[in-house]
Amino acid sequence: MDIDEGFYSRQLYVLGHDAMRRMGKANILIAGMRGLGVEIAKNVILAGVRSVTVQDEGMVEWYDLSSQFYCREADLGQNRALSCLSSLSRLNAHVSVKAHSGPLDKNLLTQFQVVVLTNSSLDEQKRVGDFCHSRDIKLIIADTKGLCGQLFCDFGEEFRVVDCDGETPLSVMVDSITKGNPGRVTCSEEHDFVDVTHVTFSGVQGMEELNTCGPVEVQVLDKYSFSICDTSGFSAYEKGGVASEVKKAAILTFKPLREALDEALRDPEMMVPTDYGKQEEHRTLHIAFQALHDFVKSTGHLPKPRSKMDADMLVTMTRKRCEASRLEELDECVVRKLAMTARGDLAPINAFIGGLAAQEVMKACSGKFTPLCQWLYFDALECLPEEEEGDEEEALTEETCAPKGCRYDGQIAVFGSAFQEKLARQRYFLVGAGAIGCELLKNFALIGLGAGEGGHITVTDMDSIERSNLNRQFLFRSQDVGRQKAEVAAQAVREMNPALNISAHQNRLGPESEGVYGYSFFRQLDGVAAALDNVEARVYLDTLCVRYQKPMLEGGTRGTKGSTVVVVPHLTESYGPATSSSDKATPLCTLKNFPHRIEHTLQWARDQFEGIFKHSAENVNQYLRDDNFLSRLEQRGEAEALEVLEVVSASVGDLRPRGWEDCVRWARLRWETLYNHDIRQLLHCFPPDALTSSGVPFWTGAKRCPHPLTFDPECTTHMDFVVAAANLYGQTYGIPDTTRDRSAVRAMLQGVHVPAFAPKSSVKIHVSDEEMEADKGKDVDTARLEALKAELGPPRPERQALRMHPLEFEKDDDSNFHMDYVVAASNLRAENYDIPPADRLKSKLIAGRIIPAIATTTAAIAGLMCVELYKLVWGRMQPHAHRSAFINLAVQLCVMSVPAKPRPFTVAGREYSLWDCILVQGRQHGQQEMTLGALLEHIKGV
């Protein structure tokens, strides 16, 4: 099966080709098309399964519109599945989407590999569960009631997990291996292996038996060494080698629903916690959800919002089930809150549970990641105000929570009509309209944020839509490619809720936009939501929120991992300053001369691209337009000035290419310089048998001894480099008639003369960055520098036609030769140093600095952010009510934590935090500006 890498590119970095192909063969049934069902369907369709059938016998009602984002008021009274079919079908052209408005019978169920039940009765769940388990059909049950959610998985008697966590396999360079039983492996760097990890070896010299013996088990000795199998009969170790982790498959067994209902309370391993402080409450919810089914079966309806009588009845039914299941402690307060909010249908809760459920569907189809084993409960009951906090206007009663015949009835059932009006008056600033931004805007529209008089949402995003966005930024369609994200997203959510007041900006948030987003703008805001993709932008926005005393909701994702942070003035810490990156900068000498990982060769290739095809052209253009270019260049040091002027001289002088043949010649000679001459020079300075001053081999540990390459026009990678380099070189000079025709290029290469090369003993190659820095500026050929300055002089008018075209690296355009060059350049250098090459997908991930992304994590994180939004709008929450979160859907890890309080500091005997400020009005009532003395007196008075 061919995979549309342009559409699925970011998801491919999460799942991989094999998992995507397995998913592409799966047919999925999703029953129940209320808010939760459509959320799951949306995520599964974006993921790229073969087909999705949505089923629902019910009709659209007012309650649905609070979270069903593909149903409109015009759909009231129409079948739910049919009403949302058209919108779901447009999400992904690669997925067949169908609707079924009949019942769930056996003939229907047998057509699918995975069945998802939402909004279903317990009797139906048991019936379908029995059938699916007997036929090895994977079953997922998802349900939400108000502020509570439930998830269950049954993947059969024997389910194979190919990759349990999705983490990149570890690898480490070998420094030595002993002969013994067991053999001891010492590494040249710290390893992160754990006991029973299995590894394979490659590139080992001497003890070459290890390269072919298959995976061996590791026993960790310390952070630099581990033991392996019996190596006493192997050859003696000489040098080199890499130990790479081998992922082991796992076989899991699932109990059918009928057994799992009772077993969950006896076996704590069967209930995955979402909040470690609520484990007992969630055991209560396990019983209470079953009692809720009893209630519906008995009365024909869910408990009425805030009905004490219905709550008492549910408590009685739960107690009865509790006795039968032998639950030691029942939290009746949780049961009452569930009863009083069960009719609610909240978009944020559906987004969170729907994201988790859709990820389980993908696991069931692909075998990638560890499935839920087997129950999960979630609640956000802390969103409800404490009884003593409520005032009469906002008191939650049967009357205030009764349906009003409007699109927010599912939310009013939980929070009341006064809270709904308060939501409508909110003024929020959303920064970012990418994946999380789209999900937040959807939730904002459904909950009615800023949808009333005085309410407003401002969204800004400077980016335009690219095709790779469509797989997870679900508000965009293929016809929107090239348009501004903020504009299209705002238009899409207005269609979901026409009452939404929203304006779209295309401004980058930064010091340059403080004229737009300054005091006057922030003063009228109620809060800020950050949907940004880099830490620096988040820190800057956080600084503004602290300055202007505004709460901030922040969320981010990387593959299956995601996190949320809530920042509340005077209540929590701020997001805080940027911490140093966990990715250590690679020393320049490693990149230039001593690479030992594919990441090093890819960074080197990317640097080559930037230097040759961007910076060189920019320097030429700057020389041509700036009369003071030479004098300013001198300020950067003689060494850098000489390097820049050599390039400028060649680009405007006789070495400037005149046609396509010159570009091909340059590319061929460049190949020879990089992969033959430079390596021969390095080996001349440091021969393979070189020793350090300490008498140990120079080429050992992280230093891999390279070997030069010989150009072969029949080698694909060699020609990849030449074709890409020649085309890029031609683009920078504006040369027409470039070509991809390899046979034509190969014919031109026959006429290229490659000069002979002899290494020079006068060349010094630096071994460390410190050595390089110490020699900076030394031995500069000042005579050559002065000659170049005289040759170039002020730019002459006739040279203005020599302007060049700098290239901006663009990883997602497969026709522009950018990734062609980087992949070929990197893999050739990897061949020099015997480093395993990387395919195009991995190369794009590393060189393009791509953040892996998937729609399921994005939806779940946006849901959690909006749960915190509810608390902010109430405005009277205690610190313990807020939650920051970290999730990893690959292993169903969910950790909720109470945000830390702001750190205090003391000044002049008084305690302050970063939220404290002193307001100063510099000019009052038309008077002159405040003097320094007056300012000091004002501060003393405060």
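Everything quoted here is computed from the prediction, not taken from an experiment.

Engineer: Can you walk me through the overall build of the protein in this structure?
Structural biologist: Along the protein, the regular secondary structure elements total 30 helices and 27 strands. Whereas a compact globule of 942 residues would reach a radius of gyration of roughly 30 Å, the protein reaches 32 Å, a difference of no more than 12%. Each principal axis of the C-alpha distribution contributes one length, and for the protein these read about 95 × 90 × 60 Å. Counting every position in the protein, which comprises 942 residues, the buried fraction comes to 54%.

Engineer: I keep staring at the sheet that holds strand β6 (residues 148-154) and nothing clicks. Help me out?
Structural biologist: Sheets are built from strands paired through backbone hydrogen bonds, the pairs being either parallel or antiparallel. Read from one edge of the open sheet, eight strands run β3-β2-β1-β4-β5-β6-β17-β16, paired in mixed fashion. What marks the edges here is a single partner per strand, and that holds for β3 (96-100) and β16 (271-272). Bridge count for β16 against strand β17 (residues 375-379) is two bridges, and the pairing is parallel. In the strand pairing of β17, V272 is matched with L376. Sitting on the sheet, helix α4 (residues 80-89) is in contact with β2 (51-55) and β3, with an inclination near 175° to β3.

Engineer: Would you explain the pattern of salt bridges in this entry?
Structural biologist: If charged atoms from side chains of opposite charge come close, those side chains can pair. Inspection of every chain in the model, using the stated rule, returns 56 salt bridges. Here D143 ties to K145 by a salt bridge, and the two come within 2.8 Å at their closest N and O atoms. One salt bridge in this structure joins D814 and K844, with 3.9 Å as the shortest N-O distance. You can see D814 sitting in the loop between α26 (782-792) and α27 (818-832) and its partner K844 sitting in helix α28 (residues 840-847), a full 30 residues away along the chain. K844 sits in the buried class, given a relative accessible area of 9%. Look at the salt bridges and you will find they share partners, linking R10, R740, D812, D814, D820, R840 and K844 into a network.

Engineer: Could you clarify how one ought to interpret the environment of C438 in this entry?
Structural biologist: You can see C438 is positioned in helix α14 (residues 435-447). With 54 residues separating them along the chain, C438 and A492 place their C-alpha atoms 9.4 Å apart. The residues touching C438, leaving out its near neighbours within four places in the chain, are A433, Q473, F474, L475 and F476.

Engineer: What am I meant to see in the sheet that holds strand β22 (residues 552-558) here?
Structural biologist: Reading across the sheet, the eight strands line up as β20-β19-β18-β21-β22-β23-β24-β25 and stay open at both edges, with mixed pairing between neighbours. Strands at the two margins of the open sheet, each flanked by one partner only, are β20 (502-505) and β25 (893-897). On average, adjacent strands in this sheet sit at an angle of 10° to one another, irrespective of strand direction. Running at roughly 170° to β22, helix α17 (residues 535-548) makes contact with β18 (427-431), β21 (527-530), β22 and β23 (561-567) of the sheet.

Engineer: Can you help me understand the packing of helix α6 (residues 122-135) against helix α7 (residues 257-266) in this one?
Structural biologist: In a packed pair of helices, the relevant descriptors are the angle between the two axes and the axis-to-axis distance. Two numbers describe how α6 lies on α7: the axes approach to 8 Å, and their chain directions differ by 120°. The pairing of α6 with α7 is recorded here as oblique in orientation. Side by side, α6 and α7 meet where L122, Q125, K126 and D130 of the first sit next to L257, R258 and L261 of the second. Grouping the amino acids of the contact of α6 with α7 by side-chain chemistry returns three nonpolar, one polar and three charged.

Engineer: What exactly am I supposed to notice about unusual backbone geometry here?
Structural biologist: Generally, phi is negative for residues other than glycine and the peptide bonds are trans, each holding for most cases. Look at the link from N181 to P182: it is a cis peptide, with omega at 5°. Following C373, the chain continues to Q374 via a peptide bond in cis, the omega torsion being -15°. With respect to the secondary-structure elements, Q374 resides in the loop between α11 (347-366) and β17. One non-glycine residue, D136, lies in positive phi territory at about 60°. Mapping D136 onto the fold places it in the loop between α6 and β5 (138-145). Looking at D136, the relative accessible area reads 43%, which means it is partly exposed. Residue V196 is not a glycine yet carries a positive backbone phi of 70°. Residue placement: V196 occurs in the loop between β9 (184-187) and β10 (198-202).

Engineer: For this particular structure, what's the right way to read the packing of aromatic side chains?
Structural biologist: Remark: the centre distance and the inter-plane angle together describe each pair of aromatic rings, the angle taken between the planes. For the structure shown, the criterion picks out 41 aromatic pairs. Ring plane angle 55° and centroid distance 5.8 Å describe the contact between F289 and Y377, whose orientation is recorded as tilted. Of this pair, F289 sits in helix α8 (residues 279-299) while Y377 sits in strand β17, and the two are 88 residues apart along the sequence. Judged by relative accessible area, which is 1%, F289 ranks as buried. Centre to centre, the rings of Y623 and F629 are 6.1 Å apart; their planes meet at 65°, and the pair counts as edge-to-face. When its relative accessible area of 3% is taken as the criterion, F629 is described as buried. Taken together, the ring pairs connect W604, F609, F613, W666, W671, Y675, F711, F721, Y729, Y733, F809 and Y821 into an aromatic cluster. The ring centre of F474 lies 4.6 Å from the NZ or CZ of K42, which sits over that ring. Directly above the ring of F698 sits K703, whose terminal nitrogen or CZ lies 5.5 Å from the centroid.

Engineer: What's the story with the pairing of β20 in this structure? I'm lost.
Structural biologist: The side chains of a regular strand alternate between the sheet's two faces. Across four bridges, strand β19 (residues 456-460) lies against β20 in parallel orientation. Within β20, the residue paired with T460 across the bridge is H505. In this fold, β19 hands off to helix α15 (residues 485-496), which returns the chain to β20; that crossover is right-handed.

What counts and how
- Residues numbered from 1 in each chain as written.
- Predicted model: local features only at pLDDT ≥ 70, side-chain atom pairs only at ≥ 80, totals over all residues.
- Heavy atoms only, no water.
- Helix = DSSP H or I, 4+ residues; strand = E, 2+ residues; numbered from the N terminus.
- Rg over C-alpha atoms; globule rule 2.2 N^0.38 Å.
- Buried < 20%, exposed > 50% of the residue type's maximum accessible area, 1.4 Å probe, protein only.
- Pairing = 2+ DSSP bridges.
- Contact = heavy atoms within 4.5 Å.
- Axes fitted to C-alpha atoms, helices over the stretch in contact; angles between N-to-C directions.
- Salt bridge = Lys/Arg side-chain N within 4 Å of Asp/Glu carboxyl O.
- Parallel < 35°, antiparallel > 145°, perpendicular 65-115°, else oblique.
- Nonpolar A, V, L, I, M, F, W, Y, C, P; charged D, E, K, R; others polar.
- Phe/Tyr/Trp six-rings, centres within 6.5 Å; stacked < 30°, edge-to-face > 60°.
- Lys NZ or Arg CZ within 6 Å of the ring centre and 35° of its normal.
- Right-handed = clockwise from strand over helix to strand, strands pointing away.

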